[in-house]
Structures are given as C-alpha cells and as structure tokens.
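Residues per chain are reported as follows:
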Amino acid sequence: MDLGLKGKAALVTGASRGIGNRIALALAAEGAHLCICARNEEGLTQAAEEMKGLGAEVEAVVADVTTPDGGERVIEAVRERFGGLDVLINNVGGSAWTPFVEISDEEWERVMGMSFFSAVRMSRGAIPLMEERAGGSIVNISAIFGREIGGPVSYNAAKAALISLTANLAQEAAQKNIRVNSVAPGSILFPGGSWERRQKADPEGIQAFVEAQIPFARFGKPEEVADVVVFLASGRASWVTGACLNVDGGQSRSNI
C-alpha cells in the first residue's frame with residue numbers, strides 16, 4: 001500500500017532510540033523528508049545516518065523540546081530546511097515512580113513537561129507551518145495508562161491529558177484540514193528502555209508479569225507501534241481524527 005508520504009516533511013521528537021527512532025525510520029522508508037530531534041547528540045547522529053541510508057533527507061537537531069527555546073529551535077529548523085511541515089509526531093515522554101504524597105511541584109512540572117507540554121509547544125509551532133501547506137497530520141504518543149489506571153500517577157495524569165488534548169485539538173484543527181490523533185502503546189521492549197532495565201534486574205518477575213498481563217505473552221516491539229503511527233500520519237487515514245488507538249497486544253483492560 002502506498003501511503004502517499006513520499007516527499008512529505010515530517011518532524012519526529014525523541015527520535016534517537018526506541019519508539020521515536022522506529023517511527024522516523026518507517027517514515028524514511030516511505031520516502032518522507034525528516035527533521036528529528038533528541039538531547040543525545042551521539043544517538044541522534046547515528047539515527048540520522050540510518051535514515052539517510054534509506055534515502056531520506058534528514059535534518060537532525062540536538063534540542064530539549066521540553067523547553068520553549070528547544071521547541072522553537074526545532075520548528076525553525078524545519079522551516080529553514082523544508083519550507084514547511086506535513087507531519088508531526090510528538091513522541092517525547094518520561095515518567096518517575098514516586099508515591100503521590102512525595103511528588104514535589106518540581107517533579108510534577110518535569111513529568112508534565114516531558115509527557116504533555118512538549119506536545120503542546122510542538123503542536124502550537126507546527127500548525128502554522130501545516131496551514132501554509134493546506135493541511136497536515138499530528139500524532140501524539142500517549143500510553144494505555146492514559147486511558148486507565150496504572151503506572152506512575154504523574155505519568156498517568158500527563159498521558160491522560162495528552163489524549164484529551166488530542167481529541168479537543170482535532171475538532172479545532174479540522175477547520176484547517178489538519179488531523180490530530182494519538183496512539184496508546186502498551187509495554188514495549190527496546191534496548192535502553194525501562195522495560196529492558198526491569199527485565200535485567202528481575203527476569204523471572206518480569207516474565208511472570210508478561211504472561212499474566214499481555215495475552216500474547218510477549219512484549220511489544222517499537223516497530224509495531226511505528227507501523228500504526230505512520231498509517232495514521234498518512235493520507236490513507238484521511239477520515240480518522242480525534243482517535244486514540246491502542247497498540248498493546250490486548251494488554252489494556254479498558255472498554256473505551
């Protein structure tokens with residue numbers, strides 16, 4: 001299936017590893033031009049070379065998009081390199097396992113900055129660029145714990161807010177021919193990720209978790225999330241907006 005992404009300009013945040021990296025690689029394989037960003041220069045440079053190897057034009061920006069300055073620099077880099085933007089993937093996120101009564105205001109701000117406000121800032125900067133091209137697509141990477149209880153409370157709250165932002169922004173952005181969707185991954189295993197760290201620390205406990213909580217009895221792969229994201233970003237999903245799609249192998253227990 002031709003997704004119609006060849007020559008489109010796509011921006012992926014947090015693209016040096018994990019889910020964001022696989023999304024960017026999948027977009028590159030579809031012929032999209034890419035702007036990628038991350039805080040880790042070495043990892044970002046390596047990722048950019050992989051994407052160039054697939055024939056993509058790539059602009060790599062070392063930036064922290066949880067800060068206003070970092071987000072603005074990335075948006076400006078997209079404008080300068082590609083003259084506009086067609087696709088935005090808000091992938092940056094993070095969590096902290098702290099009991100509620102011990103979470104400081106600073107930690108709340110840090111988690112919300114990673115998992116919510118980064119998407120707010122990047123979308124605010126991207127929408128005018130998409131308007132100049134008469135439309136576009138935004139995909140926010142949330143989590144199944146944005147749809148049901150579980151996980152760290154601050155992370156859960158941030159990801160729930162991201163899903164709400166997606167649904168509400170989709171209504172407004174439709175007037176500008178811009179679609180806005182979110183994807184809710186379940187437990188995804190990749191090198192350097194949190195599940196790999198937990199697996200190494202407690203292999204038997206993690207295996208028991210997987211068998212009890214995930215019907216397919218295995219972790220998901222970042223490529224499996226990427227395939228869904230790239231479809232949503234493409235014109236093939238032209239009548240899908242305001243949606244949140246689980247990519248979790250049946251792990252979620254929510255009815256909605």
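Preceding block: the structure.
Description of the structure in this document. Predicted model only: the values in this text are computed from it and were never measured.

**Observations concerning a nonpolar patch on the surface**
Then, in step 1: Together, Phe 100, Val 101 and Val 153 line one region of the surface with nonpolar side chains, adding up to about 320 Å² of accessible area.
Then, in step 2: In this structure, Val 153 sits in helix α5 (residues 153-173).
Then, in step 3: The class of Val 153 is partly exposed, set by a relative accessible area of 36%.

**Regarding empty space enclosed by the protein**
Then, in step 1: The tally for this structure, following the rule as stated, stands at one cavity of 30 Å³ or more.
Then, in step 2: Taken as a whole, the largest cavity encloses approximately 30 Å³ of empty space.
Then, in step 3: Elements with a contribution of two residues or more to the lining of the largest cavity: α4 (105-132) and α5.
Then, in step 4: Across the lining of the largest cavity, the residue classes tally to six nonpolar, three polar and one charged.

**Some points on the packing of aromatic side chains**
Then, in step 1: On inspection of all chains with the given rule, the structure shows four aromatic pairs.
Then, in step 2: Each ring, one from Phe 100 and one from Trp 108, has its centre 6.4 Å from the other, and the planes form 75°; the classification is edge-to-face.
Then, in step 3: On the basis of relative accessibility, which here comes to 24%, the residue Trp 108 falls in the partly exposed class.
Then, in step 4: The interplanar angle of 45° and the centroid separation of 5.3 Å between the aromatic rings of Trp 195 and Phe 219 together place this pair among those described as tilted.

**Concerning the nonpolar core**
Then, in step 1: Residues Ile 23, Leu 27, Leu 34, Ile 36, Met 51 and Ile 89 are the most contacted members of the largest nonpolar core, which totals 37 residues.
Then, in step 2: Every element with two or more residues in this core is listed here: β1 (9-13), α1 (18-29), β2 (33-38), α2 (41-53), β4 (87-90), β5 (136-141) and α8 (222-233).
Then, in step 3: Examining the composition of this core, we find that seven residues originate from one element, α1, more than from any other.
Then, in step 4: When residues no more than four places from it in sequence are discounted, the contact partners of Met 51 are Ala 15, Asn 21, Ala 24, Leu 25, Ala 28, Leu 34, Ile 36, Ala 56 and Val 58.
Then, in step 5: Core analysis: the next-biggest nonpolar cluster, separate from the first, contains 26 residues, Ile 75, Val 92, Ala 126 and Leu 129 among them.

**With respect to unusual backbone geometry**
Then, in step 1: The phi torsion at Ala 134 lies on the positive side, around 65°, for a residue other than glycine.
Then, in step 2: Relative to the elements of secondary structure, Ala 134 occurs in the loop between α4 and β5.
Then, in step 3: Even without being glycine, Ala 217 reaches a positive phi, approximately 60°.
Then, in step 4: Tracing the chain through its elements places Ala 217 in the loop between α7 (203-213) and α8.
Then, in step 5: Given a relative accessible area of 38%, Ala 217 falls into the partly exposed group.

**Some details on α2**
Then, in step 1: With 13 residues, α2 extends 18 Å between its outermost C-alpha atoms, agreeing within 8% with the 18 Å of an ideal straight helix rising 1.5 Å per residue.
Then, in step 2: If you follow the buried residues of α2, they end up packed against α1, β2 and β3 (58-62).
Then, in step 3: For α2, the side-chain oxygen to backbone nitrogen distance between the N-cap and Glu 42 is 3.0 Å, and the N-cap itself is Asn 40.
Then, in step 4: Residue Gly 55 follows α2 closely and has a positive phi angle near 95°.

Here is what the cut-offs are and how they apply
Residues numbered from 1 in each chain as written. Predicted model: local features only at pLDDT ≥ 70, side-chain atom pairs only at ≥ 80, totals over all residues. Heavy atoms only, no water. Patch = residues over 30% accessible without salt bridge, like charges linked within 9 Å, V, L, I, M, F, W, Y side chains within 5 Å. Areas by Shrake-Rupley, 256 points an atom, 1.4 Å probe, with all protein chains shown as cover. Salt bridge = Lys/Arg side-chain N within 4 Å of Asp/Glu carboxyl O. Helix = DSSP H or I, 4+ residues; strand = E, 2+ residues; numbered from the N terminus. Buried < 20%, exposed > 50% of the residue type's maximum accessible area, 1.4 Å probe, protein only. 1 Å grid on protein atoms, 1.4 Å probe; cavity = no way out; pocket = protein on both sides within 12 Å on 5 of 7 lines; lining within 4 Å. Points joined across faces, edges and corners; volume = space filled by probe spheres on them. Nonpolar A, V, L, I, M, F, W, Y, C, P; charged D, E, K, R; others polar. Phe/Tyr/Trp six-rings, centres within 6.5 Å; stacked < 30°, edge-to-face > 60°. Core = buried A, V, L, I, M, F, W, Y, C linked by side-chain atoms within 4.5 Å. Contact = heavy atoms within 4.5 Å. Expected span 1.5 Å × (residues − 1). Polar contact = N/O pair within 3.5 Å; in protein donor to acceptor, adjacent residues only side chain to side chain.

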